[in-house]
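Remarks on the overall topology
One-letter residues, chain by chain:
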Amino acid sequence: MPRRASKRYDAADIEILGGLEPVRKRPEMFTDTSSPTHLVQEAIDNSVDEALAGHATRVEVALHDDGSVSVSDDGRGMPVDPHPVRKLPGVEVILTTLHAGSKFSGRQYRFAGGLHGVGISIVNALSTRLEVRVKRDGCVYGMDFRNGRRTSKLKVLRRLKKRATGTDIRFWPDPDFFDTSRFDTAKLSHLLQAKAVLCAGLTTRLTGDDGKDIRTCRYKDGLPQYFAERCGGDALLERDFCGERELDDAQELRWCLNWFMDDAAVAESYVNLVPTPGGGSHVAGLRAGLTEALREFAQLHGLLPRGVRLMPDDVWRGAGFVLSLKMDNPRFAGQTKERLVSKEGGALVQKLARDAFSLWLNEAAAAGKALVEAVLENARARKKSRGVKRARVSGPRLPGKLADCLARDVEDSELFLVEGDSAGGSAKQARDKAFQAVLPLRGKILNTWESDTGEILDSREISDIATAIDVAPGSDDLSRLRYGKICILADADSDGLHISTLLAALFLKHFRPLVEARRIFVALPPLFRIDAGKSVYYAQDENERDAILARLAEPAKATKAAKGAKAAKGEKGAKARAAAQVIRFKGLGEMNPSQLRESTMAPASRRLMELTCDGDPLPLMDMLLAKKRSPERRRWLEKEGARVEIL
C-alpha cells in the first residue's frame, strides 16, 4: 500500500539537509553516477590546480585491489590550521562542507578547474571511507572519514626528516551510489595525459591495482607533440595550425588543428585543464572564428563561386582540434563541467581564432587555397545530398508573419519561435537573415498536452508553426523539414518560462520525431544587463547577476611594489567596477537588436538548451501538465520544488 500523504502541513514538516546530506540524497545532481570515475577526476582537478598555480610538479593516481583509489601531489598541502569562523582544521572544512574552498576570489589561484568548492566534498560524501594525509610544516597530518563523517580528529602522524609538502587522498567509493564500481582506466589515463600536455612541467602517473605503471606522462613540446600523436591519417595541411595567445592575467588560449580525410579526427576541448566533452561557447567561438577567417580569405582571393556561401558545417567537416582555454571564473553547465556556457569565453576565442587564422592563411596562401577548395567540395556535397530546400512557388503558402531566411539547405537554417509581435520585431532586426528565420507568436499558445493531434491545428499559432516547418503534427515524415534548428525564444521571466514550457510540451507530445532528431532547442535570453565601464555583461537570473556584481565589486588590491601611475590605474579600475549599472529587461521587445543578437541569437555568444527526452518523460510531463492531476502536481512541487534553486 502506498503511503498516504498527510493532510497537515506545518513548518515542522520542512526538512533542512545539512553538511553533505544533500549529496547523499541526490548524488546524480552532483556527479556522474554511472561509475565513480568522475570522483577521481574531482580529486585530480584539485591537485592540478596546485600545479597551475605553480606549487606542484607531480600528480599520481593509483588504483588498489580493494576497490579504492589514491590521488597524491607535491603541492602546498591542504591547510591544517583552524578556520577563523568554523574553528575546525582547514582540511576538515574542505572535505565536509559544500561550497567551501579558496578558489572563489582568485587570490590563491590564477586559474582553477575546481570553482564551486564542491568537488572534493562530493568525493567524501559518496565514499564509504576516505583517508587524507597532508605533508606540511615538517609533519605528516592525517584524519579519516566514513560516509562523509569524520571518524578521527586531525593529528600529527609522524615528523619528516626532509622538508616536503603535498596532499594524499585515498577513498573507497560507495557502490550503492553507482551503476558500476569499476573505474574507467582508459578515461583516467587519457585525462592525466592531457593534464601533462596542457600544464608545462607537470608529470602525471597512473598505476593499476596490480601495482604496475599504466602510463607516465611529461611533455617537452606540449600541445603540438600531443596533437601529432593523437591525429593519425592523411592531413590536408602539411603542417598543423598551432598557436597560443595570452591576453592578460585572466585569459590564455592555446590550440592545434588540422583537417583530415577521416571524419573521426580528434576533437578535444579544455577549460582550465578540465575536459569539456560537450564543448560549449569556446568551441563555438573557434568554429565561428575559423569560418569568418576562411570566408574573408576566399573572398579576398576571388575563390568563391557566385552564389556560394561557406557555412560553418562546411568548414568544420573533417577538422581535428585540441583547444585549451584558461580564463578567470568560467561558468559551466553543471557540476560535471562538461560544457562551457561563459559567453565571454566564446567571444574571446572567436576573435583570437579569427585574427590568428587570417594571419596564418595569408602567410601560407597555397595551403589556404587548398583548404578553400576542400571546403567548397564539402559545400557541393552538402547541396547534392540535401538538395534544394524547396521551390517557394510550389510549396504551401507560408505564414504571413514568417520572416524567412536565405539559406536553402535544412542544415544551414534556424527558425526562432518568438513570443509576441514586439519581440518578433526585435528578433527580425537582430537575426542573421542568411540563415535565421523568425516566426512571431501571439502570446501563450494552448496547453495541447491533453488535446488530440487532429484538433490542435484549429489553433492559428500551432497551424502557423506546422506550416512554417512543413511537418504535420503526429507525422514521422521529416523529409520536408525546412529548418535544421527550431529555437523557442521567450522572455526570461516566469511568463516567458510558461510559454517555453507550453511550446516544449507541444513538440514533445505532437512533434516527437523532431525532438528525437535533436532539432528542438530553447534559447536562454538574459534577464539583466550589467554595464561596468566599457565592459558589458549579461546575466540570465538573479544569482548570475549577483555573482557578476560580486566579482566586479572586489577591490583592486595594489601590491607593495605598485606605485605611481600603476596604483592610480588600479584605483580608477576599482571605481569603475563599483559604478556598475544594472538594467533589468522587462522582455525581449525592450532589448535593442544589437543586445538581442549578442546575448541570445549569435551562435558564438548565445546559450541554447537542447530539448531531449531521455527514457520515457511522458508520465512526468502528464503529471505536470494534465488538468485532472493537480493534486499530484501540488504534492510533487511540495516535495521536489526546492530542486529548482539547485538546478
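This text follows the structure it describes.
Residues numbered from 1 in each chain as written. Predicted model: local features only at pLDDT ≥ 70, side-chain atom pairs only at ≥ 80, totals over all residues. Heavy atoms only, no water.

Notes on the environment of S463
Using the following cut-off: Numbering of helices and strands runs from the N terminus, with a helix taken as a DSSP run of H or I at least four residues long and a strand as a DSSP run of E at least two residues long.
Topologically, S463 is positioned in helix α12 (residues 460-469). When the C-alpha atoms of S463 and P399 are compared, they prove to be 8.9 Å apart, with 64 residues separating the residues in sequence.

Section: the packing of aromatic side chains
Operational definition: Two rings from Phe, Tyr or Trp (for Trp, the six-membered ring) form a pair when their centres sit within 6.5 Å of each other. Planes less than 30 degrees apart are called stacked, planes more than 60 degrees apart edge-to-face, and all others tilted. Partly exposed describes any residue whose relative accessible area lies between the buried limit of under 20% and the exposed limit of over 50%, with all areas from a 1.4 Å probe on protein chains only and scaled to the type maximum. Whether a charge sits over a ring comes down to the Lys NZ or Arg CZ being within 6 Å of the ring centre and within 35 degrees of the ring normal.
For the structure on display, the rule yields nine aromatic pairs. On the numbers, 6.2 Å between centres and 90° between planes, the contact of Y219 with Y226 is edge-to-face. Y226 shares its class with Y219; the two are buried. With a centroid separation of 5.2 Å and 40° between ring planes, the pair formed by W316 and F321 is classed as tilted. Judged by relative accessible area, W316 falls into the buried class, the value being 17%. Joined through ring pairs, the aromatic side chains of F241, W255, W259, F357 and W360 make up one cluster. The lysine or arginine in question, K509, covers the ring of W449, its NZ or CZ lying 5.0 Å from the ring centre.

Some words on the sheet that holds strand β20 (residues 535-539)
The criterion, for reference: Note on pairing: DSSP must find at least two bridges between two strands before they are called paired. Note on geometry: axes are lines fitted to C-alpha atoms, helical ones only across the stretch in contact, with angles between N-to-C directions running from 0 to 180 degrees. Note on definitions: a residue-residue contact is assigned when non-hydrogen atoms from the two residues lie within 4.5 Å.
A sheet is described by the order of its strands in space; here three strands give the open sequence β20-β19-β21, paired in antiparallel fashion. A strand with exactly one partner marks an edge of an open sheet, and here the two such strands are β20 and β21 (581-584). Geometrically, the sheet is characterised by an average inter-axis angle of 20° between neighbouring strands, direction not taken into account. This element, helix α15 (residues 542-553), spans β19 (528-532), β20 and β21 of the sheet and lies at about 150° to β20.

Notes on the packing of helix α11 (residues 421-430) against helix α17 (residues 593-601)
How two helices pack is summed up by the angle between their axes together with the distance between the axes. In plain terms, the rule: Working rule for angles: under 35 degrees goes down as roughly parallel, over 145 as roughly antiparallel, 65 to 115 as roughly perpendicular, anything else as oblique. For this classification, Asp, Glu, Lys and Arg are treated as charged, while Ala, Val, Leu, Ile, Met, Phe, Trp, Tyr, Cys and Pro are nonpolar and the rest, including Gly, are polar.
Remark: α11 packs on α17, axes separated minimally by 8 Å, with the N-to-C direction vectors making an angle of 80°. The orientation of α11 with respect to α17, classified from their angle, is roughly perpendicular. Here S426, A427, Q429 and A430 of α11 lie close against α17, whose contacting residues are P593, L596, R597 and M601. Considering only residue class, the contact of α11 with α17 consists of five nonpolar, two polar and one charged.

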